[in-house]
Amino acid sequence: MIPQLDVIGIIVTDMAASLTFYRHLGINFPPGCENQPHVQTTLSNGLKLALDTDSITRAFHAEWRTPPRDAGRIVIAFRCADPLHVDSVYASLVSAGYCGELDPHDAFWGHRYAIVQDPDGNRVDLYAGLDRKVSG
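Analysis parameters
Residues numbered from 1 in each chain as written. Predicted model: local features only at pLDDT ≥ 70, side-chain atom pairs only at ≥ 80, totals over all residues. Heavy atoms only, no water. Buried < 20%, exposed > 50% of the residue type's maximum accessible area, 1.4 Å probe, protein only. Helix = DSSP H or I, 4+ residues; strand = E, 2+ residues; numbered from the N terminus. Arc of directions from axis to C-beta. Polar contact = N/O pair within 3.5 Å; in protein donor to acceptor, adjacent residues only side chain to side chain. Lys, Arg positive; Asp, Glu negative; His and termini not counted. Salt bridge = Lys/Arg side-chain N within 4 Å of Asp/Glu carboxyl O. Contact = heavy atoms within 4.5 Å. Disulfide = S-S within 2.5 Å. Phe/Tyr/Trp six-rings, centres within 6.5 Å; stacked < 30°, edge-to-face > 60°.

### Describing helix α1 (residues 15-24)
Of all the residues in α1, the buried ones are Met15, Ser18, Leu19, Phe21 and Tyr22. Looking straight down α1, one finds its buried side chains confined to an arc of 160 degrees; they lie on one side. Its side-chain oxygen placed 3.1 Å from the backbone nitrogen of Ala16, Asp14 serves as the N-cap of α1.

Dropping the structure here:
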């Protein structure tokens, strides 16, 4: 058997703030878990999304240090229903106080595309296919 991608884990500074952000994107985490050090949910496609606090991470990884709060090299991407949905989700997140890193635009590869940052500075892409075909 080859290894299967089963869980995406995100180490968070503030569990409640991170839960609020990901709930804005429609992720259903269990209610009342804002003070837990580990929270996990199974997405509709079977993949699991787990949030772990810095403190619980240090409990099993003694060398763990909280990284800088800027975007790293891993991106989480959320497919939206259509291009207007990208715009409305982006606007909703930015109006809720989250950092809009890249405003919605029609990308050369054929998607309506935008980037926001979660409370820890992780990049979160929003995208939907455009009706037009892109040549190249």
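### Description of the side chain of Asp125
Note that Asp125 resides in strand β7 (residues 123-129). The buried charged residue Asp125 lacks any salt bridge partner; its closest oppositely charged side chain belongs to Arg123, at an N-O distance of 6.5 Å. Once residues within four sequence positions are removed from consideration, Asp125 is found in contact with Val75, Ile76, Ala77, Phe78, Tyr113, Ala114 and Ile115.

### Re the state of the cysteines
A full pass over the atoms with the stated rule returns zero disulfides. Its sulfur unpaired, Cys80 is 17 Å from the next cysteine sulfur, which belongs to Cys99.

### Focus: the packing of aromatic side chains
Inspection of every chain in the model, using the stated rule, returns four aromatic pairs. Summarising the aromatic geometry, the rings of Phe21 and Tyr98 are spaced 4.8 Å apart at their centres and angled 75 degrees between planes, so their arrangement reads as edge-to-face. With Phe21 in helix α1 and Tyr98 in the loop between α3 (83-95) and β5 (100-106), this pair connects stretches of sequence that are 77 residues apart. Here Phe21 falls in the buried class, since its relative accessible area comes to 0%. When its relative accessible area of 14% is taken as the criterion, Tyr98 is described as buried. Consider the rings of Phe108 and Trp109, whose centres lie 5.0 Å apart with planes at 85 degrees: the pair is edge-to-face.

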